[in-house]
Amino acid sequence: MSVTISIPSALRQFAGGQSQIEVEAHTAGEALDQLTSSHAELRRHLFSDHNELRNFVNVYVNDEDIRHGAGSNTPVKDGDAIMIVPAIAGGAVVETEVARALPELSNEEIARYTRHLIMPEVGMQGQRRLKAASVLMIGTGGLGAPVGMYLAAAGVGRMGIVDFDVVEESNLQRQIIHGTKDLGRRKIESARDRLRDINPHIEIETHETRLTSQNALRLFKNYDIIVDGTDNFPTRYLVNDACVLSGKPNVYGSIFRFEGQASVFWAERGACYRCLYPEPPPAGLVPSCAEGGVLGVLPGIVGSIQANETIKIILGAENTLVNRLLLFDAWNMKFREFKLRKDPKCPVCGEHPTVKELIDYEEFCGITAQPVTTEHLEEIAAPELNQRLLRGDKIQIIDVREPHEYEIARIPGTRLIPLGHVVNRMNEIDAAVETVVHCKAGARSAKAIEALKRAGFTGRLINLKGGITAWSEEVDPSVPKY
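A short tour of the structure in this document, coming up. (Residues numbered from 1 in each chain as written. Predicted model: local features only at pLDDT ≥ 70, side-chain atom pairs only at ≥ 80, totals over all residues. Heavy atoms only, no water.)

## Details of the nonpolar core
Point 1. One finds Leu 35, Ile 84 and Phe 220 to be the most contacted residues of the largest nonpolar core, which totals 64 residues.
Point 2. If one sorts the elements of this core by residue count, helix α9 (residues 233–246) sits on top with seven residues.
Point 3. If we ignore the near neighbours within four places in the chain, the residues touching Leu 35 are Ile 5, Ile 7, Ile 21, Val 23, Leu 42, Leu 46 and Ile 84. (Core = buried A, V, L, I, M, F, W, Y, C linked by side-chain atoms within 4.5 Å. Buried < 20%, exposed > 50% of the residue type's maximum accessible area, 1.4 Å probe, protein only. Helix = DSSP H or I, 4+ residues; strand = E, 2+ residues; numbered from the N terminus. Contact = heavy atoms within 4.5 Å.)

## Topic: the sheet that holds strand β12 (residues 324–329)
Point 1. Ordered by their spatial adjacency, eight strands build an open sheet running β8-β7-β6-β9-β10-β11-β12-β13, and the pairing between neighbours is mixed. At either margin of the open sheet sits one strand with a lone partner, and together these are β8 (203–207) and β13 (334–339). The sheet shows a mean angle of 15° between the axes of neighbouring strands, direction not considered.
Point 2. Two strands pair when backbone bridges link them, and strand β6 (residues 134–138) and strand β9 (residues 225–228) are joined in this way by four bridges, in the parallel orientation. Across the sheet, the residue bridging to Val 135 is Ile 225, located in β9.
Point 3. Relative to the sheet, helix α6 (residues 144–154) contacts β6, β7 (158–162) and β9, its axis offset from that of β6 by approximately 165°. (Pairing = 2+ DSSP bridges. Axes fitted to C-alpha atoms, helices over the stretch in contact; angles between N-to-C directions.)

## A short note on the pairing of β6
Point 1. Counting buried residues along β6, five of its five residues qualify, which places the element largely inside the surrounding structure.
Point 2. Residues Ser 134, Leu 136 and Ile 138 of β6 are buried on one face, and the alternating residues Val 135 and Met 137, pointing to the opposite face, are buried as well.
Point 3. Here five bridges tie β6 to β7, and the two strands are oriented parallel to one another. The residue of β7 that forms the bridge with Val 135 is Met 159.

## Details of the state of the cysteines
Point 1. Under the criterion given, the structure shown has zero disulfides.
Point 2. Distance from the sulfur of Cys 243, which forms no disulfide, to the nearest cysteine sulfur (Cys 272) is 9.9 Å.
Point 3. The exposure class of Cys 243 is buried, given its relative accessible area of 2%.
Point 4. Left without a disulfide partner, Cys 275 is nearest to the cysteine sulfur of Cys 349, which lies 3.5 Å away.
Point 5. Judged by relative accessible area, which is 3%, Cys 275 ranks as buried. (Disulfide = S-S within 2.5 Å.)

## What to know about the packing of helix α14 (residues 382–390) against helix α17 (residues 467–474)
Point 1. It is at 9 Å that the axes of α14 and α17 come closest, and there the two elements cross at 75°. Taken together, α14 and α17 sit at an angle that is classed as roughly perpendicular. Here Ala 382, Pro 383, Leu 385, Asn 386 and Leu 389 of α14 come into contact with α17, specifically with Ala 470, Trp 471 and Glu 474.
Point 2. Its residues assigned to classes, the contact of α14 with α17 comprises six nonpolar, one polar and one charged. (Parallel < 35°, antiparallel > 145°, perpendicular 65-115°, else oblique. Nonpolar A, V, L, I, M, F, W, Y, C, P; charged D, E, K, R; others polar.)

## Observations concerning the packing of aromatic side chains
Point 1. All chains considered together, the criterion is met by nine aromatic pairs.
Point 2. Taken together, a centroid distance of 5.2 Å and an interplanar angle of 75° make the contact between Tyr 237 and Phe 364 edge-to-face. Residue Tyr 237 is located in helix α9, and its partner Phe 364 is located in helix α13 (residues 361–364); the two are separated by 127 residues in the primary sequence.
Point 3. Phe 364 gets classed as partly exposed once you look at its relative accessible area, which sits at 26%.
Point 4. Centroid distance Phe 265 to Tyr 273: 5.7 Å. Interplanar angle 80°. Geometry classified as edge-to-face. Residues Phe 265 and Tyr 273 agree in their burial class; the two are buried. (Phe/Tyr/Trp six-rings, centres within 6.5 Å; stacked < 30°, edge-to-face > 60°.)

## As for the pattern of salt bridges
Point 1. The full count for this structure, using the stated rule, is 32 salt bridges.
Point 2. One salt bridge in this structure joins Glu 268 and Arg 269, with 3.7 Å as the shortest N-O distance.
Point 3. Residue class for Glu 268 comes out exposed when judged on its relative accessible area of 54%.
Point 4. By relative accessible area, which is 26% here, Arg 269 ends up partly exposed.
Point 5. Several salt bridges share partner residues, and in doing so they unite Glu 378, Arg 388, Arg 391, Asp 393, Glu 434 and Arg 460 into one network. (Salt bridge = Lys/Arg side-chain N within 4 Å of Asp/Glu carboxyl O.)

## Comments concerning the side chain of Lys 187
Point 1. Examined against the element boundaries, Lys 187 turns out to sit in helix α7 (residues 187–198).
Point 2. The exposure class assigned to Lys 187 is buried, which follows from its relative accessible area of 5%.
Point 3. Setting aside anything within four residues of it in sequence, one finds Lys 187 in contact with Thr 140, Asp 163, Asp 165, Val 166, Val 167, Asn 171, Gln 175 and His 178.

## A short note on the sheet that holds strand β16 (residues 414–416)
Point 1. Here five strands make up an open sheet; going across it, the order is β14-β18-β17-β15-β16 and the pairing parallel. Two strands bound the open sheet, and with one partner strand each, they are β14 (379–380) and β16.
Point 2. Here strand β15 (residues 395–399) pairs with β16 via three bridges, running parallel. Along β16, the bridge assignment pairs Ile 397 with Thr 414.
Point 3. Sitting on the sheet, α14 touches β14, β15, β17 (434–438) and β18 (461–464), and the angle it makes with β15 is about 135°.

## Some details on unusual backbone geometry
Point 1. The phi dihedral of Asn 62 falls on the positive side, at around 55°, and the residue is not glycine.
Point 2. Checked against the element boundaries, Asn 62 lands in the loop between β3 (57–61) and β4 (64–65).
Point 3. Taking relative accessible area as the criterion, Asn 62 reaches 30% and is therefore assigned partly exposed.
Point 4. Phi at Asn 323 takes a positive value of approximately 65°, unusual for a residue other than glycine.
Point 5. Relative to the helices and strands, Asn 323 resides in the loop between α12 (298–315) and β12.

Written out as structure tokens, the structure reads:
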């Protein structure tokens, strides 16, 4: 049977850059075996050392999760589509509305919301529900920007925003709530001013803090709906668990390169995020947007979907994204939808939950744990490397970024060997010469050193602390920062 396997962008570097691969197979497991036989690097990303599909990777045959079928033995037929979906960090009127009277609309508000009011699905009653509702946004970045702007414009009466970052130049390509004049400002201040300008009739509450296990439940308690605009796995699991424990709907979105995901996780009515991804990927395995990039318009699309779902929940729409995962591919302009099911064994929302309070999510995601193989990672600072090069020390520099990054900026005299190829091409690295390995900020180069040591490379390997970004900041400002 000929089936097509769709490769997500985060894994395409391990599949020769291909987005779709056809294989001959009779089951989903056989198809994955065929795939990973041809592309061996993919195997460690999809399967554990015990040859089991990793918990942070879901596989769908057409729109059905194989975990709810026969697993790897799920049969496939000619023309079926298999989708690999890795982790990338009916609705009802919000219950609290029942206990409070809906606010009236002023004449100014009626004039402002007239295009809503003439829609029978919204009308006066719906607009008053919007005014009575409260939404907490986690983050005012790529996703939080469109979410906040559209919810403010729609007339959500009370909006809370949680952020602790400052506006940087690299944010402006996609975080449209901020402008050039806001560079260096606190994002929370920039976002507050923009939302007030969009709609002076709403109340905006700012929480300039990092969301933590210590403050999440207290913050969530005062809002009807939580919108997840985060960009890292620890905070994503924290948001999920806090929503489950506080009984709040979690309007989820995530983005990477050209691909986005959206859903509504609401444990009281269906699956939560942990039902979809029981465990996070190992730290560093899934690249961030800072490493992999993101199309500027993509968070606008996914964030708009999140805003749409939030409004629908407030209005009591039945067809929300509860128990549905929406995937969007901006490059090929395709939407796909997959069914989600509540996992009765889910540790936080299942029949016998074991997570009954918020935990240390960085530890859960493996961020605080130090990998054994990199425990004694040797590092060098950019100024020291520069001094050694100037005095003529024999050093080879290996750049493990991607070719398109190499075109943006490079350290003179470096050899480019992307991370995904570094083991297969280690014969190009002279083991007799001291080797400095670098990437953008130091994380991928550390992984490259670990991979080379595991593969038996015997030469001296040194990580450039802070990567090419540190080189630009501390040695040569003419090297562009990106």
